[in-house]
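Spelled out, the chains give:
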Protein chains: 2
Amino acid sequence: MEEVAKVAGVSLATVSRALRTPEAVSPKLRTRIEEVSRRLGYAPNRIAGSLAGARTPLIGVIVPSLTNSFFAGTLEQMTTLFEAKGYQLMIGQHGYDTDREERIVAAFASWNPSALVVTGRAHTRNTLNTLSSSACPVVEMWDHGERPLDSGIGFSNRAAGKLAARFFAEQGIAKAAFVGAILDKDDRARARAEGFRQEFLHLTRFEPLIVTANNRELGEGGSALKRVLGQQPETSAIAFSGDMLAVGAMFEADRIGLSIPGDLKILGYGDLDIARNTNPRLTTIRPPHNAIGEAVVRHVLERLEAPDTPSVNLDLGVKLILRETV
Amino acid sequence: MEEVAKVAGVSLATVSRALRTPEAVSPKLRTRIEEVSRRLGYAPNRIAGSLAGARTPLIGVIVPSLTNSFFAGTLEQMTTLFEAKGYQLMIGQHGYDTDREERIVAAFASWNPSALVVTGRAHTRNTLNTLSSSACPVVEMWDHGERPLDSGIGFSNRAAGKLAARFFAEQGIAKAAFVGAILDKDDRARARAEGFRQEFLHLTRFEPLIVTANNRELGEGGSALKRVLGQQPETSAIAFSGDMLAVGAMFEADRIGLSIPGDLKILGYGDLDIARNTNPRLTTIRPPHNAIGEAVVRHVLERLEAPDTPSVNLDLGVKLILRETV
DNA sequence: CTGTTAGCGCGTTCAA
DNA sequence: TTGAACGCGCTAACAG
């Protein structure tokens, strides 16, 4: 910056102003400075800028997994939208480990970002402390519940589970099952499983079978199907915690000669691209993935532009996408 | 920090040392300072630390897309490995737009990170300038070619395309096609397409049909199949630039009553989880996804620990995974 | 091993 | 509209 100032024949302060708040500098100086700094390939040091300015154009976002297409989609969307406003995303990933989340939140907070976005509502006490003592807007996304720490934008996973149960119950199904990936770690999947169980029991008086899959990938769907059929052979409908598991089960059903939906009804969750293309096409529950990303960005930007904007707590709801597997 | 120093009865420098280089402080002071800073909930300001220390525990990684499972996988792996060494990933995503890449690289460089990792070998002149004038190790990953800017870790996509062509040619196929997603933007897919075309022509004297898909998703695989069959009805083998497209084509083939591999042979690329589970199981080419992530991390850490470590240019190769669709 | 001191590169007052 | 000066919070020399 010193060099730019020297070449342009102005002071450091003027260079800073020309680049940061151009309207506060006379047009001729401004263009000269801009020209010089371009010619010299000057790139301001953001570290110094942030230290002096006490604000960082950084937004911390923490998700459980980058390979989960929901979070990847939300992140891709948020990256693009925030980038357009000059903010940079710091992305963290904790693999459904709340202790790791704690460390990541602490690390992010120490960059004092403009906003912090975390996934879900289950955090350690320390995470909560760090989050609430950081002087920026905090959004808990992908989950809806009472009293978020600051703002909450998501939907009720429990309600999504209930929706599935109600749908099965209305079809007169008695023997149902829910297959969920890593239910011990993924609170959202667990909430869906619990909602399903509770509502199905309530409506039909039958206890559904709950089976845990070891991951959310296709192959596990096939083995989970075998386990379900082993434990409860008369099962006539299965809800899955993810479309990939459901599709894996469809492939397996095909292999063992089970027809869908005749012999077995299958309900997915996620409405991934694949759900529209299987044979038969997969009936599934669609979470508001895009709406979440957009709402988070919109809300954060509002808070940043008008700091007195109040927090929100939004339930964006889910939708049943009726296709051919039920 | 001042408060911690006061309460612990030491100077600022000692607090800094106790937290940064504990071995340089006497055990009793160290424990006292650690205890006080924990009690006070002191979190060092990384911005200030980086400005003073002239090093940032930040590694910039730029990929074309977060929703592409390859990059997501590599990122997930790199996040975990780097985090264990105290580095934080800054993740950028440019959507196959080199101008956007240019802006992201510039933004990242201005945080002066410990290392910069970009995807591929095609960059704008400005990107190249920024990259080479940044004082940190630079890795171009996922692509292999001559003379990387600094280090290169990947494989030859052209060779992957040739492998597919050779495989088809050996089966005595005359009418083949290559379906690639957004070939106009994705240089790696284009390199595979070109390698395929060149080698197939060379070995069989037949020009293969090259078809561009609009995205890399399943639905497009189905429509691409229809287009291929429309333009070249006798096609007996198709290579795809991604497994998802291939699976979409398999679903569509099923719908129109084409048997695989009898009527049509299908070759994927990626060896995603789904490839092991379709009926029939998908024959595919596996890029060294995990090896890339590991090699990048290992190399960067070496360079960071021993700055005189030389650059590398690694070709990690691909592998044909023989299953049932060819 | 510990304290004192001098910046790191910039944004932002305050005067001019 | 511009320039001089200060300080953001910390680390790294240096001296003790």
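Here is what the cut-offs are and how they apply
Residues numbered from 1 in each chain as written. Chains lettered and ligands numbered in written order. Predicted model: local features only at pLDDT ≥ 70, side-chain atom pairs only at ≥ 80, totals over all residues. Heavy atoms only, no water. Near = heavy atom within 4 Å. Polar contact = N/O pair within 3.5 Å; in protein donor to acceptor, adjacent residues only side chain to side chain. Helix = DSSP H or I, 4+ residues; strand = E, 2+ residues; numbered from the N terminus. Nonpolar A, V, L, I, M, F, W, Y, C, P; charged D, E, K, R; others polar. Least-squares fit on C-alpha atoms with pLDDT ≥ 70 in both. Contact = heavy atoms within 4.5 Å. Buried area = accessible area lost by both parts, 1.4 Å probe. Pairing = 2+ DSSP bridges. Axes fitted to C-alpha atoms, helices over the stretch in contact; angles between N-to-C directions.

Chemist: Describe the protein's contact with DNA strand C, naming the residues involved and giving the relevant values.
Modeler: Around DNA strand C, 23 residues are found, and the nearest of them are A:Ser16, A:Arg20, B:Thr14, B:Ser26 and B:Leu29. Of what DNA strand C places within 4 Å of the protein, 66% of the atoms are sugar or phosphate. A distance of 3.5 Å is found between a base oxygen of DNA strand C and a side-chain nitrogen or oxygen belonging to A:Arg17. One of the backbone nitrogen or oxygen atoms of B:Ser11 is found 3.2 Å away from a phosphate oxygen of DNA strand C. Those elements that provide at least two residues to the surface near DNA strand C are helix H2 (12–20) and helix H4 (46–53) of chain A together with helix H2 (12–20) and helix H4 (46–53) of chain B. Among the residues forming the surface near DNA strand C, the class breakdown is 13 nonpolar, seven polar and three charged.

Chemist: Quick one: what's the story with the relation of the copies chain A and chain B, residue by residue and with numbers?
Modeler: You can overlay chain A on chain B at an RMSD of 0.1 Å; the transform is a turn of 180° with a shift of 0.0 Å along its axis. Such a combination of turn and shift is consistent with a two-fold rotation axis. Most of the interface of chain A is mirrored in chain B, where 100% of its interface residues are also at the interface.

Chemist: I'd like to hear about the interface of chain A and chain B, residue by residue, with values.
Modeler: With 45 residues of chain A in contact, the opposing surface of chain B contributes 45 residues. Taking both partners together, chain A and chain B bury about 4100 Å²; carbon and sulfur atoms supply 58% of that area. Counting across the chain A and chain B interface gives 26 residue pairs in polar contact (both at pLDDT 80 or more). Counting residues per element, the ones that place at least two in the side of chain A that touches chain B are H4, helix H5 (69–84), strand S2 (88–93), helix H6 (98–109), helix H10 (218–231) and helix H11 (243–255) of chain A. Here the side of chain A that touches chain B gets seven residues from one element, more than from any other, and that element is H5(A). Class assignment for the residues of the side of chain A that touches chain B results in 20 nonpolar, 16 polar and nine charged.

Chemist: Now, about the environment of B:Leu320: what can you tell me, with residues and values included?
Modeler: As for its position among the elements, B:Leu320 is in strand S12 (residues 319–321). Between the C-alpha atom of B:Leu320 and that of B:Lys85, which follows or precedes it by 235 residues, the distance is 34 Å.

Chemist: Any chance you could break down the pairing of strand S10 (residues 283–286) of chain B for me, citing the residues and the numbers?
Modeler: All names here are of chain B. In the sheet, strand S9 (residues 265–269) pairs with S10 via three bridges, with the strands oriented parallel. Paired with Leu267 across the two strands is Thr283, which belongs to S10. The pairing of S10 with S12 spans three bridges and is classified as antiparallel. Among the inter-strand pairings, Arg286 is bridged to a residue of S12, identified as Lys319.

Chemist: Give a detailed account of the sheet that holds strand S7 (residues 209–213) of chain A, specifying residues and quantitative values.
Modeler: All names here are of chain A. Taking strand neighbours across the sheet as the criterion, the six strands line up as S7-S6-S8-S9-S10-S12 in an open arrangement whose pairing is mixed. Strand pairing shows two members of the sheet lacking a second neighbour, S7 and strand S12 (319–321), which therefore form its edges. Averaged over all adjacent pairs, the angle separating strand axes in this sheet is 20°, with direction ignored. Pairing analysis gives five bridges linking strand S6 (residues 176–181) to S7, with the strands arranged parallel. Across the sheet, the residue bridging to Phe178 is Ile210, located in S7. Seen against the sheet, helix H9 (residues 187–204) touches S6, S7, strand S8 (237–240) and strand S9 (265–269) and runs at an angle of roughly 170° to S6.

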